[in-house]
Amino acid sequence: MDASQRKYMSEVELSTVMSAVQVYRDRLYDISWFMRLLNEYIARLANKEDDCTGRFWEGRFKSQALLDEAALLACMAYVDLNPVRARIAMQPIDALFTSARRRIVASKKSQTPKSLMPFVGTTQAKKKHGLPFKLRDYLHLLQETCNRIKMSWENRHNYHNVSILKRAGINQCFWFDWVNKIETAFSTRVSLDIARTRLASR
């Protein structure tokens, strides 16, 4: 609304408009509002496709702050290995619609997906904007964690040395429990210190 429109409005009308403007401004950065609208939109499409009714997601979403590199690493691996835990895929490369698969496919062509944040090696790297790990280390960790998930199906408990865990200060045995419980073990914040405390008490 520009100044030319305001002069034709009464104080009550102007006050009503400004109140509405504030509501919309608040919604622009309200993640709960966004998720509610997204859920409704997807639910309508899915229900029409499946000829059913109901919510698309079973429960409310959770927003968790990742407070350190270890938390970032655990969250990335957790999301990338969701299809493996669900037994939809047996390897990270087979997990469709994951960033890991896109990175693996691109790396075979010596490329980096443009829509994904790049791995820059360390936080001291010249190109500071990116993930503070090496891609090959992350893919190695992902594969080892994938192997461990499949071993757990057979009650086997082997785990190989992974250098990226040492850099993040994470014990190898502790890592597997953490990455598989990141959604349920934390409420709003995730960090290595919190993980040690929470998971130790379970």
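How each quantity is defined
- Here the residue index of a chain counts from 1 through its sequence in written order.
- With the structure being a predicted model, the display of local features is reserved for residues of pLDDT at least 70 and the display and counting of side-chain atom pairs for 80 or more, all residues being used for whole-chain, interface and lining totals.
- Values reported for side chains reflect all heavy atoms of the structure, with hydrogen atoms and water molecules removed beforehand.
- Residue-level confidence of the predictor, termed pLDDT, takes values from 0 up to 100.
- Under the DSSP-based scheme used, a helix requires at least four consecutive residues in state H or I and a strand at least two consecutive residues in state E, with every element numbered from the N terminus.
- Here, a salt bridge means any side-chain nitrogen of Lys or Arg that lies within 4 Å of a carboxyl oxygen of Asp or Glu.
- A 1.4 Å probe rolled over the protein chains alone gives each residue an accessible area, and that area as a share of the maximum for its type sets the label: buried under 20%, exposed over 50%, partly exposed in between.

Time to look at the confidence of the model for the protein. Counting all residues, the mean pLDDT for the protein is 83, and 85% of those residues have values of 70 or more. Model confidence for the protein, summarised as mean pLDDT per element, is weakest for helix α1 (residues 3–6) at 72 and strongest for helix α6 (residues 99–107) at 94.

Time to look at the pattern of salt bridges. Applying the stated criterion across every chain, the model contains one salt bridge. The closest approach of N and O atoms between E40 and R44, which form a salt bridge, is 3.1 Å. Of the two residues, E40 and R44 are both situated in helix α3 (residues 31–50); the distance of four residues between them amounts to about one turn of the helix. With relative accessibility at 58%, the residue R44 sits in the exposed group.

Time to look at unusual backbone geometry. At R87, a position not held by glycine, the phi torsion is positive, near 65°. Mapped onto the fold, R87 is located in the loop between α5 (82–85) and α6. Among the residues examined, R87 registers a relative accessible area of 53% and is labelled exposed. Positive phi, close to 65°, is recorded for F97, a residue that is not glycine.

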